[in-house]
Amino acid sequence: MKALRVGVIGYGYWGPNLARNFNELSASDLVAIADRKDEQLERARTKYPDILLTKDYKEFFNMGLDAVIISTPPKTHHPIAKDCLSHNMHVLIEKPMTLNSQDAEELIELAKAKGLTLMVGHIFEYNSAVMEMKKYIDSKELGDVFYIDTARLNLGLFQRDSNVLWDLAPHDISTLLYLLEQTPVSVSAHGMACVTEGIHDVAYLNLVFSNNLMAYIHVSWLDPSKVRRITVVGSKKMAVYNDLGAEGKIKIYDKGVDPEYTDTFGEFQYAYRAGDIIIPSFRFVEPLREECQHFLDCIVNHSEPRSSGLDGLRVTKILEAAERSMKNGSTREVIQW
Ligand SMILES: NC(=O)c1ccc[n+]([C@@H]2O[C@H](COP(=O)([O-])OP(=O)(O)OC[C@H]3O[C@@H](n4cnc5c(N)ncnc54)[C@H](O)[C@@H]3O)[C@@H](O)[C@H]2O)c1
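Summary of the structure given here.

## Some points on the site of the ligand
Thought 1: In the vicinity of the ligand, 20 residues are found, and the nearest of them are Tyr13, Trp14, Asp35, His77 and Lys95.
Thought 2: Residue Asp35 places a side-chain N or O atom 2.6 Å away from an oxygen atom belonging to the ligand.
Thought 3: Note that an oxygen atom of the ligand is positioned 3.0 Å from one of the side-chain N or O atoms of His77.
Thought 4: Against a free-state accessible area of 850 Å², the protein chains account for coverage of 84% of the ligand.
Thought 5: In terms of residue class, the shell around the ligand is made up of 7 nonpolar, 8 polar and 5 charged.

## A look at helix 1 (residues 15–24)
Thought 1: Of the positions making up helix 1, those classed as buried are Gly15, Pro16, Leu18, Ala19, Asn21 and Phe22.
Thought 2: For helix 1, the secondary structure elements touched by its buried residues are strand 1 (4–9), strand 2 (28–34), helix 2 (38–47), strand 4 (67–70), strand 5 (90–93) and helix 7 (287–301).

## Some words on unusual backbone geometry
Thought 1: Put simply, Lys95 and Pro96 share a cis peptide bond, and its omega is -10 degrees.
Thought 2: By secondary structure assignment, the location of Pro96 is in the loop between strand 5 and helix 4 (101–114).
Thought 3: Of note, the amide linkage connecting Gly156 to Leu157 takes the cis form, showing an omega dihedral of -10 degrees.
Thought 4: Its location among the elements puts Leu157 in the loop between strand 7 (145–155) and helix 6 (164–180).
Thought 5: Phi is positive for Glu181, close to 55 degrees, though the residue is something other than glycine.
Thought 6: Tracing the backbone shows Glu181 in the loop between helix 6 and strand 8 (186–192).
Thought 7: The exposure class of Glu181 is exposed, given its relative accessible area of 60%.

## As for the packing of aromatic side chains
Thought 1: Applying the stated rule across the entire model yields 5 aromatic pairs.
Thought 2: Between the aromatic rings of Phe22 and Phe295, the centroid separation amounts to 6.3 Å while the plane-to-plane angle is 85 degrees, which identifies the pairing as edge-to-face. Within this pair, whereas Phe22 is found in helix 1, its partner Phe295 is found in helix 7, the two being separated by 273 residues in sequence. When sorted by exposure, Phe22 lands in the same class as Phe295, which is buried.
Thought 3: Between Phe158 and Trp221, the aromatic rings sit 5.2 Å apart at their centres with planes inclined by 50 degrees, giving tilted as the arrangement.

## Looking at the packing of helix 6 against helix 8 (residues 309–327)
If you want to describe how two helices pack, look at the angle between their axes and the distance between the axes.
Thought 1: Look at helix 6 against helix 8: their axes get within 10 Å of each other, and the N-to-C directions meet at 125 degrees. Relative to helix 8, helix 6 is oriented oblique. The handedness of the crossing between helix 6 and helix 8 is right-handed. Counting all contacts with helix 6, which are made through Leu165, Trp166, Ala169, Pro170, Ile173, Ser174 and Leu177, the residues of helix 8 involved are Asp311, Arg314, Val315, Thr316, Ile318, Leu319, Glu320, Ala322, Glu323 and Met326.
Thought 2: Residue classes in the contact of helix 6 with helix 8 are distributed as 11 nonpolar, 2 polar and 4 charged.

Criteria and thresholds
- Residues numbered from 1 in each chain as written.
- Predicted model: local features only at pLDDT ≥ 70, side-chain atom pairs only at ≥ 80, totals over all residues.
- Heavy atoms only, no water.
- Near = heavy atom within 4 Å.
- Polar contact = N/O pair within 3.5 Å; in protein donor to acceptor, adjacent residues only side chain to side chain.
- Areas by Shrake-Rupley, 256 points an atom, 1.4 Å probe, with all protein chains shown as cover.
- Nonpolar A, V, L, I, M, F, W, Y, C, P; charged D, E, K, R; others polar.
- Buried < 20%, exposed > 50% of the residue type's maximum accessible area, 1.4 Å probe, protein only.
- Helix = DSSP H or I, 4+ residues; strand = E, 2+ residues; numbered from the N terminus.
- Contact = heavy atoms within 4.5 Å.
- Phe/Tyr/Trp six-rings, centres within 6.5 Å; stacked < 30°, edge-to-face > 60°.
- Axes fitted to C-alpha atoms, helices over the stretch in contact; angles between N-to-C directions.
- Parallel < 35°, antiparallel > 145°, perpendicular 65-115°, else oblique.
- Left-handed = near helix turned anticlockwise from the far one by under 90°.

Written out as structure tokens, the structure is:
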């Protein structure tokens, strides 16, 4: 099978990781990198002296490229992706896919009309620990899921043209949609702009799914500790994914509480259950490697990516509704699907 010719647009903080993976994977050849800044191109030159390095990604259009990877600031995602799809290239676009749902819809339509693969870099959908967690939910080993709580906190990285909601919450929202295989009915959000006026650096979201299942997302650029945690509380067991966990990223707690009736007058006491804690072992592959390989597989097999354009649109719609809520005093916003 001929390797796919790939170009990366945007070689700032994240682009080098994408470039490295597409350079190393046997199913792709990294043939070009575009970045507007000289210093980034110089950085790229030390690693990839023999490929095209340009300030203008439009040079890609005459190179017979199969696919592009867009790793530029979010506000540029839509125009660049539209341009590349129009020039018949498959597109992997970083999160958040776009800054509004109309733009996301336009990209989906364009990719469909052209028969091209459009994928969004929802990296946690390719994270072995999250995939393992999903097995525990799907098999019902945790019982019915009551609620999920996620925390993604650290000091920084502060962004200038994006708030913490659009920067970090796409990770948690896409993870929730993947784990639960359903979209929320409504969302409410509360945020604070502590450091820069008008740019929220802390946000709390509440998502309501059908069957009263709730999810809580806490994202922050203003926290003393780095936290990357997802807690799933089920009727039978509880699971915690801690990305920074020293002894294992996932722990399954055989913990719970049941009301226990003591007499015929309806009185009861709580029976607490605290059984074993299991740390499942599984092979952990670099999530970005999985994501990049999946993109190439989808192009070759003409299959729909796990984190498709539609997945990106869903995340964008939830973010839009959360932003509305945050601006309107934490109103509960029903999401129109
Ligand atoms: N999946 C992840 O875990 C993850 C992590 C970090 C960032 N990201 C995403 O990656 C994207 C890039 O983030 P970053 O932190 O690398 O940003 P960054 O600002 O460090 O880098 C962006 C680069 O794009 C370049 N650029 C801007 N407009 C361009 C254009 N028209 N043509 C060519 N180059 C252009 C800039 O010069 C800059 O070097 C964002 O969408 C971000 O949300 C994803």
